[in-house]
Amino acid sequence: MTAMIREHPAETGSATVPAAPSSTRSHPMMIAIVLFFYAVMSIITIISWARHDAGLQMRVAGLGLGAMYAVCVWHCTVVKGGRQAAAFFSLAAVLTFTAEFVGSNYGWIFGDYDYTGGLGPRIGGVPILIVVVWGVVLYSSFMLITWVGGVSGRPRPRSWGGRIAWSAMLAAATGLVATAWDLMADPMAVSGVWNSLLGLEPWWWWEGGSYLPELQVWQGSGGIPVSNFAGWFAVVFVIMFVYTLLIERPDRRVSTAVHTVPWLIYAYFYYTMMAAILEMNWHDPGIHQAMLIGTFTMGPVILLGLIRLVDGARPPR
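Residues numbered from 1 in each chain as written. Predicted model: local features only at pLDDT ≥ 70, side-chain atom pairs only at ≥ 80, totals over all residues. Heavy atoms only, no water.

Colleague: Explanation requested: the packing of aromatic side chains in the structure shown.
Modeller: By convention here, two paired aromatic rings are described through the distance between centres and the angle between planes. Using the criterion set out here, one finds 25 aromatic pairs in the structure. Aromatic side chains Phe 88 and Tyr 243 sit 5.1 Å apart centroid to centroid with 90° between the ring planes, which places their arrangement in the edge-to-face category. Of this pair, Phe 88 sits in helix H5 (residues 82–106) while Tyr 243 sits in helix H9 (residues 226–247); the two residues are 155 residues apart in sequence, bridging distant segments of the chain. With centroids separated by 5.6 Å and ring planes inclined at 40°, the aromatic side chains of Phe 89 and Tyr 139 adopt a geometry described as tilted. Note that Phe 89 is positioned in helix H5 and Tyr 139 in helix H6 (residues 128–148), a separation of 50 residues in sequence. With respect to class, Phe 89 is no different from Tyr 139; both count as buried. Among the aromatic residues, those joined into a cluster by ring pairs are Phe 110, Tyr 113, Tyr 115, Trp 134, Trp 181, Trp 203, Trp 205, Trp 232 and Phe 269. The side chain of Arg 163 reaches across the aromatic face of Trp 160, ending 4.7 Å from its centre. (Phe/Tyr/Trp six-rings, centres within 6.5 Å; stacked < 30°, edge-to-face > 60°. Helix = DSSP H or I, 4+ residues; strand = E, 2+ residues; numbered from the N terminus. Buried < 20%, exposed > 50% of the residue type's maximum accessible area, 1.4 Å probe, protein only. Lys NZ or Arg CZ within 6 Å of the ring centre and 35° of its normal.)

Colleague: What is the right way to look at the nonpolar core in this model?
Modeller: When a protein is soluble and globular, its nonpolar side chains tend to lie buried together. Trp 181, Met 240 and Ile 265 are the most contacted members of the largest nonpolar core, which totals 86 residues. The leading source of residues in this core is helix H10 (residues 256–280), at 14 residues. In this structure, Ile 265 is in contact with Val 34, Met 68, Val 71, Cys 72, Val 136 and Ser 140, ignoring residues within four places of it in sequence. (Core = buried A, V, L, I, M, F, W, Y, C linked by side-chain atoms within 4.5 Å. Contact = heavy atoms within 4.5 Å.)

Colleague: Mind showing me how you'd approach unusual backbone geometry here?
Modeller: If a residue is not glycine, its phi is most likely negative; likewise, a peptide bond is most likely trans. Phi is positive for Ile 109, close to 75°, though the residue is something other than glycine. Among the secondary structure elements, Ile 109 is positioned in the loop between H5 and strand E4 (113–115). Although it is not a glycine, Leu 212 sits at a positive phi angle of roughly 50°.

Colleague: It is not clear to me how helix H4 (residues 65–80) should be interpreted in this structure. Could you clarify?
Modeller: Because an α-helix packs 3.6 residues into every turn, residues spaced three or four apart end up facing the same way. Relative to the 22 Å expected for 16 residues at 1.5 Å per residue, H4 spans 22 Å between its end C-alpha atoms, a close match to the ideal helical length. Within two residues after H4, Gly 81 carries a phi angle of roughly 105°, on the positive side. (Expected span 1.5 Å × (residues − 1).)

Colleague: Quick question: what am I supposed to make of the pattern of salt bridges here?
Modeller: Think of it this way: side chains of opposite charge can pair up when their charged atoms draw near. Considering all chains together, one arrives at three salt bridges under this definition. For Asp 53, the salt bridge identified is with Arg 51, shortest N-O distance 3.7 Å. Between Asp 251 and Lys 80 there is a salt bridge whose closest N-O contact spans 2.5 Å. Pair noted here: Asp 251 is in the loop between H9 and strand E8 (253–254) and Lys 80 is in helix H4, with a separation of 171 residues, a long-range link. (Salt bridge = Lys/Arg side-chain N within 4 Å of Asp/Glu carboxyl O.)

By themselves these figures say nothing about function.
Written out as structure tokens, the structure reads:
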């Protein structure tokens, strides 16, 4: 564990950023919080399987989202600083809300869909919870990409041409990793299993689409439009491109423990989606396709993070 929680300041040119006294304690605390929700979800899943009650797991599928968001903000504050954290999550909230508002009210960007009241309070038709989900997925995906790519804490190119190209590559990689989650989340959310078991459904597509067209939905047409995933990628790309080009500064802290947190959070999304879809498959035998697709899209980056984690925990020779 000593190697796992060892931290050092990130290099910023010729100077270094001094460590905050509490920084070595904060990341183990964050890890403990995230692992707590893993344990809770594992217990819920076991009970749900034992009772053959998919509805139970579905009710608590989003358990921990608020806590994950708080951990992400906390983590960003420690790793990048308060101003960086405020800038990142403000930019993410404003742009994702705008995209969702335009999408749900006018059918642009993602396709023609509608949110229901199943996700809680809404502003302009957009559930507040959706903006929270976007923030968690964005941050964990970005930090995971920079970690597995080996570029965490490194200064960006100095020329504008180099910075633009660098930002575009990071934004595109983050967009792919974030959208990989939605390949699982969207089929799970629009499945008719929600309505048949709970009488509660998150959202639905008016005309459906070519992605999993045989998906049993509760309202609208089956399947999900490909434009939804193109929209997801585009929104993430724009947010991360603006952030990395104009706002981001090198990380203050670089260590295995630092990057374990976003890796665990991203993997938590996969874990909860997988458990929910497997249990929903009792009622809709075709929905397991979403889990297979998600496994082969989210899986590689999760495993790369695990490799980095194991390698960083090994004692130096």
